[in-house]
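# Breakdown of the fold
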Amino acid sequence: MEFLSKTTHIDFMGKRRIAAIFSAVLMIVSLGSLFTRGLNFGIEFTGGVVIEVGFPDTADLTAIRTDLAQAGIPEAIVQNFGSSRDVVIQMEAGGDRVGGEIRDEVMTVLRAQDSGVTLRRVEFVGPQVGEELAEAGGLATLFALLMLSL
């Protein structure tokens, strides 16, 4: 049984120079972007607060973002988690405020929107833990690259 009815002949080796040039250009652009823009570390690496809340009805993410910005928390990342009623709010470590204070401020803002909001989970990640995670992740990446090259 024959799946391909005609004989194909693709000159892969003839296109190797074009592929190598294309690959080199992509690597140079990637390294240039890395050096000019740097890495964008998440809360796990920089430190911050993750708050998970549940709403009785569908949560309005735009209204939550607006209310948090008006309350002095403009950098909050608000996303649905699981269903449209579950919301995760991520904030970077905020200067002199303690994690418990941030949690209370956020819950006050959310309860002003909907009194049925329930706090499900709060996680505090300090910058020291984040620094250790970044170092361990970098070492793991280097080790994996070393093992792949052997």
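Source: prediction; values computed, not measured.

### Things to note about the nonpolar core
Soluble, globular proteins show a tendency: their nonpolar side chains are buried together. Judged by nonpolar contacts, the single largest core of 20 residues is most densely connected at Ile64, Leu68, Val87, Ile89, Met91, Val106 and Leu110. Only strand E1 (48-54), helix H3 (61-70), strand E3 (83-92) and helix H4 (99-113) provide two or more residues apiece to this core. Per-element accounting of this core gives the leading share, 5 residues, to H4. Each residue touching Met91, except ones within four places of it in the same chain, is listed here: Ile43, Gly47, Gly48, Val49, Ile51, Ile73, Ala76, Ile102 and Val106.

### A short note on the pairing of E1
Most of E1 is tucked away, with 7 of its 7 residues classed as buried. Side-chain alternation along E1 places Gly48, Val50, Glu52 and Gly54 on one buried face and Val49, Ile51 and Val53 on a second face that is also buried. Where E1 lies against E3, 7 bridges are found, and the strand directions are antiparallel. Within E3, the residue paired with Gly54 across the bridge is Asp86. Judged from the 7 bridges that link them, E1 and strand E4 (residues 118-125) form a sheet pairing that is antiparallel. Within E4, the residue paired with Val49 across the bridge is Phe124.

Reading the values: rules and limits
Residues numbered from 1 in each chain as written. Predicted model: local features only at pLDDT ≥ 70, side-chain atom pairs only at ≥ 80, totals over all residues. Heavy atoms only, no water. Core = buried A, V, L, I, M, F, W, Y, C linked by side-chain atoms within 4.5 Å. Buried < 20%, exposed > 50% of the residue type's maximum accessible area, 1.4 Å probe, protein only. Helix = DSSP H or I, 4+ residues; strand = E, 2+ residues; numbered from the N terminus. Contact = heavy atoms within 4.5 Å. Pairing = 2+ DSSP bridges.

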